[in-house]
Amino acid sequence: MLVNTPDFDKLALGEILDPIESQPANLLPMLQAIEGRYRYLPKEAMVEVALRLKIPKSRVFAVANFYKALSLTPKGERIFTVCQGTACHLRGAPSLIASLEKALGISLGQCSKDGRNGLESVNCLGACAMAPVVTVDGEVHGAMTAKKVSELI
Ligand code: FES
């Protein structure tokens, strides 16, 4: 799903893309820079990348869709990530997801309507000894419980 940004700022996009040389080899660096600024890839930004690189929009969208680190939908200003790897799953990740969904009023993979909170999952964060693990904007919190999750919020 491609999402337009109501307050999309083309000037800000120029500041992001102008320092990157406009050649097709820089497609991924451009998308990463946009993702770094907006925390997802607005449709307008991907169209601008295609124009700058003189490549088909379909190629930009295909690359954007391929990499898990790139998102076509808004993620939220603050991102809660629940590990659903085996260790975390066995130690209660599903109940943590349920707690977060209830507290944030969103489902896994969604962003709140005000754009403040996002909820996503990963397969393993490499911190299995601390299971179950939740990150908030990349900050790792181990041995999580529903109570600790509510304190994070
Ligand atoms: S399974 Fe969750 S950190 Fe590895």
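Calculation notes
- Residues numbered from 1 in each chain as written.
- Predicted model: local features only at pLDDT ≥ 70, side-chain atom pairs only at ≥ 80, totals over all residues.
- Heavy atoms only, no water.
- Phe/Tyr/Trp six-rings, centres within 6.5 Å; stacked < 30°, edge-to-face > 60°.
- Buried < 20%, exposed > 50% of the residue type's maximum accessible area, 1.4 Å probe, protein only.
- Lys NZ or Arg CZ within 6 Å of the ring centre and 35° of its normal.
- Pairing = 2+ DSSP bridges.
- Helix = DSSP H or I, 4+ residues; strand = E, 2+ residues; numbered from the N terminus.
- Axes fitted to C-alpha atoms, helices over the stretch in contact; angles between N-to-C directions.
- Contact = heavy atoms within 4.5 Å.
- Left-handed = near helix turned anticlockwise from the far one by under 90°.
- Nonpolar A, V, L, I, M, F, W, Y, C, P; charged D, E, K, R; others polar.
- Expected span 1.5 Å × (residues − 1).
- Arc of directions from axis to C-beta.
- Parallel < 35°, antiparallel > 145°, perpendicular 65-115°, else oblique.

Student: What exactly am I supposed to notice about the packing of aromatic side chains here?
Tutor: Here a ring pair, both rings aromatic, is described through the centre-centre distance and the interplanar angle of the planes. Overall, the coordinates contain one aromatic pair when judged by the stated rule. Look at F66 and Y67: their rings are 4.9 Å apart centre to centre, the planes differ by 90 degrees, and that puts the pair in the edge-to-face class. Since its relative accessible area comes to 64%, F66 is described here as exposed. Its end group placed over the ring of Y38, R37 keeps NZ or CZ at 4.6 Å from the ring centre.

Student: Help me understand the sheet that holds strand β2 (residues 117–122) in this model?
Tutor: The strands that make up a sheet pair up through hydrogen bonds in the backbone, lying either parallel or antiparallel. One open sheet accounts for four strands, arranged β2-β1-β3-β4; its pairing is mixed. Of all strands in the sheet, those with a lone pairing partner are β2 and β4 (139–141), marking the two edges. Pairwise comparison of adjacent strand axes, ignoring direction, gives a mean angle of 25 degrees for this sheet. Relative to β2, strand β1 (residues 78–83) runs parallel, the two sharing six bridges. Within β2, the position partnered with T81 by the bridge is E120. Against the sheet, helix α6 (residues 93–104) engages β1, β2 and β3 (134–136), with an angle of about 155 degrees to β1.

Student: I tried to follow the packing of helix α2 (residues 27–38) against helix α4 (residues 57–66) on my own but got confused; where do I start?
Tutor: Two measures define how a pair of helices packs: the angle their axes make with one another and the distance between the axes. Contact geometry of α2 with α4 gives a least axis separation of 11 Å together with a crossing angle of 65 degrees. Remark: the crossing between α2 and α4 carries right-handed chirality. Side by side, α2 and α4 meet where L27, L28 and L31 of the first sit next to R59, V60, V63 and A64 of the second. Its residues placed into classes, the contact of α2 with α4 shows six nonpolar, no polar and one charged.

Student: What exactly am I supposed to notice about the side chain of T135 here?
Tutor: Inspection of the secondary structure assignment puts T135 in strand β3. Setting aside its immediate chain neighbours within four residues, T135 contacts I79, F80, T81, L125 and V140.

Student: Help me out: how do you make sense of α6 in this one?
Tutor: Structurally, the α-helix is built with 3.6 residues per turn, so residues lying three or four positions apart point the same way. Between its terminal C-alpha atoms α6 stretches 16 Å, which fits the 16 Å expected from 12 residues at 1.5 Å a residue. Residues of α6 that are buried: A93, L96, I97, L100 and L104. Each buried residue of α6 lies within a common arc of 100 degrees when the element is viewed along its axis, so the set occupies one face. Buried positions along α6 lie against β1, α5 (86–90), β2, β3 and α7 (146–152). Backbone geometry just downstream of α6 places G105 in the positive-phi region, at approximately 75 degrees.

Student: Help me understand the packing of helix α1 (residues 10–17) against α2, please; the structure alone is not making it clear to me.
Tutor: In contact at an axis separation of 10 Å, α1 and α2 are set at 130 degrees when each is read in the N-to-C sense. In this view, α1 runs oblique relative to α2, as classed from their interaxial angle. The handedness of the crossing between α1 and α2 is right-handed. For the pair α1 and α2, contact is made by A12, L13, I16 and L17 and by M30, A33, I34, R37 and Y38, respectively. Tallied by class, the residues present in the contact of α1 with α2 amount to eight nonpolar, no polar and one charged.

Student: What is the right way to look at the environment of A87 in this model?
Tutor: Tracing the backbone shows A87 in helix α5. In sequence terms A87 and R59 are 28 residues apart; their C-alpha atoms lie 38 Å from each other. Not counting residues up to four positions away in its chain, the partners in contact with A87 are C128 and A131.

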